[in-house]
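Architecture and fold: a report
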Amino acid sequence: MSARTGPAVERVGVVGGGVAGLGVAILLAEAGIAVELVEATPDLSALGSGITLQQNALRVLQRLGVLDEVQRLGYGFSSLGMRAPDGTLLAEVPDTRADDGGLPATVGMYRPDLARLLAERAVSVGVALRGGVRATGLDQDATGVVLSCSDGTRARYDLVIGADGVRSWTRGELGIDLEPEPVGMGIWRAFTRRPASVTRTDLCYGGAAHIAGFCPTGEDSLYAYLVEDARDRSTLGPEQRLATMRELAEHYHGPWDEIRDDLVDPSRVHYTWFEWHLLDGPWHRGRTVLIGDAAHCCPPTLAQGAAQALEDALVLAELLTTRPALDDALWADFGARRLPRARAVVEGSVQLCRSLRDGDQAGVPQLMGRMSALIGQAP
């Protein structure tokens, strides 16, 4: 008699409705597993500005059944531009990850659109999606987990997946002492109109900011960003934030001249610090596991945050749906496939930040090349 193959679980609870949580929920539900997802935010598509999706992210989105819509709503490109502060184009670097399947190397898109697509897909494959509901209690034993929620419900699952972000409630509930660390840089982001001259991501390293860049997110939109030394910007009101970003953008030209003129809406300007953390060891405790930003987060210098979260979802779902038991062997394989790759991306992102902050850019091309080769491989 042949050995039985998966699934290792029949009923799963997911905490967090970002790309990691929705991604794993979709894949598990497609395999016939009962999935319930709780997300504290009432409207999953209400937050965020732009997002850059490189090809390893696009491959997972294809598997999730949303790639056609991602390409329709977003803006695909297969090269990277390097510019001087005065706008001079220094180099146009083709991205060799463009494959025979017709995928662009990168798609930029409006992050709320991606959230909406994933949420709609999740519901269509049978995920019970509960927005505006917080997880409040986690009680696990050898055979399952009871998850309590703010709406008064208590449900028992074979596994709970904590995909609830950088400041994960689930991580704290498991007693894991892991806090994000700042890298000494802050980023201004704005979502605005796409000038016709912007057809890919262009970057400028140096000048008044460490990084000045932009990414098209659709036929009529882009997001632009400026990275500075970390400062306390919390006292600035919306109009002051807009004025501060415009003042910094004055030092950059070329497409930035049009972009800056379109920076007129204070509600579209945001400022955050770069942070990182990595759970450098098993991501599970008993029958609860962390994925995505709950387990690892990195500065966006390599544009890999969402991609690594989606890879977590893909690998975890593959193991849960093809293995007969939720045992040490499954967790060992999950760790072997995800921890080294996530560590490399986190460390590479932080290293790039430190090189730019310290004015030592000599090793940046080699670092970018290593990272490109890594993320071109299957997880």
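Above this text you will find the structure in question.
Note that the coordinates shown come from a computational prediction; the quantities given were computed from them, not determined experimentally. (Residues numbered from 1 in each chain as written. Predicted model: local features only at pLDDT ≥ 70, side-chain atom pairs only at ≥ 80, totals over all residues. Heavy atoms only, no water.)

**Notes on the overall build of the protein chain**
Defined as follows: Helical segments are the DSSP runs of H or I of at least four residues, strand segments are the runs of E of at least two, and each set is numbered from the N terminus. What the globule rule says is 2.2 Å times the number of residues to the power 0.38, and the radius of gyration is computed from C-alpha atoms. The cut-offs for exposure are 20% and 50% of the maximum accessible area for each residue type, with area from a 1.4 Å probe on protein chains only; residues under the lower value are buried, those over the upper are exposed, and the others partly exposed. Whether two residues are in contact is decided by their heavy atoms, any of which lying within 4.5 Å being enough. Accessible surface is estimated by sampling points in the Shrake-Rupley manner with a 1.4 Å probe; for residues, cover comes only from the protein chains shown. Just so you know, the count uses Lys and Arg for positive and Asp and Glu for negative, and it drops His and the chain ends. The atom standing in for a charge is NZ when the residue is Lys, CZ when it is Arg, CG when it is Asp and CD when it is Glu.
When its secondary structure is counted, the protein chain shows 10 helices and 20 strands. Whereas a compact globule of 379 residues would reach a radius of gyration of roughly 21 Å, the protein chain reaches 21 Å, a difference of no more than 12%. Overall, the protein chain is about 70 × 45 × 35 Å in size when its C-alpha atoms are taken along their principal axes. For the protein chain, the residues scored as buried account for 53% of the 379 residues in total. If you take every contact in the protein chain between residues at least 6 apart in sequence, the share linking residues at least 24 apart comes to 72%. Total accessible area computed for the protein chain in this model is approximately 15800 Å², and 49% of it derives from carbon and sulfur atoms. Between the averaged position of the 36 positive side-chain charges in the protein chain and that of its 49 negative side-chain charges there is a distance of 2 Å.

**Some remarks on the sheet that holds strand S17 (residues 269-278)**
Short version of the rule: Here the rule is simple: two strands pair whenever DSSP picks up at least two bridges between them.
If you walk across this open sheet you meet the 8 strands as S6-S5-S14-S15-S16-S13-S17-S20, and the pairing is mixed. Edge strands, defined here as strands with exactly one partner in the open sheet, are strand S6 (89-94) and strand S20 (296-297). Note that strand S13 (residues 181-192) and strand S16 (residues 221-229) share 8 bridges and pair antiparallel. Residue pairing for S16: Ile-187 is matched across the bridge by Val-227.

**Focus: the sheet that holds strand S9 (residues 135-140)**
To keep it simple, the criterion reads: Axis definition: a line fit to C-alpha positions, over the contact stretch in the case of helices; interaxial angles, taken between N-to-C directions, run 0 to 180 degrees.
Spatial strand order, S9-S10-S11: 3 strands in an open sheet with antiparallel pairing. The sheet is open, and its two borders are formed by S9 and strand S11 (154-157), each paired with just one other strand. Adjacent strand axes in the sheet meet at a mean angle of 20 degrees when their direction is disregarded. Where strand S10 (residues 145-149) lies against S11, 4 bridges are found, and the strand directions are antiparallel. Paired with Leu-147 across the bridge in S11 is Ala-155.

**Brief notes about the nonpolar core**
Operational definition: Nonpolar cores were defined as sets of buried Ala, Val, Leu, Ile, Met, Phe, Trp, Tyr and Cys residues, with membership established by side-chain atoms within 4.5 Å.
Formed by 77 residues in total, the largest nonpolar core has its most connected members in Leu-53, Leu-61, Val-70 and Ile-161. Ranked by residue count, the leading element in this core is helix H8 (residues 305-322), at 10 residues. Not counting chain neighbours up to four residues away, the residues in contact with Ile-161 comprise Val-12, Gly-13, Val-14, Val-15, Val-24, Leu-28, Val-289, Ile-291 and Leu-316.

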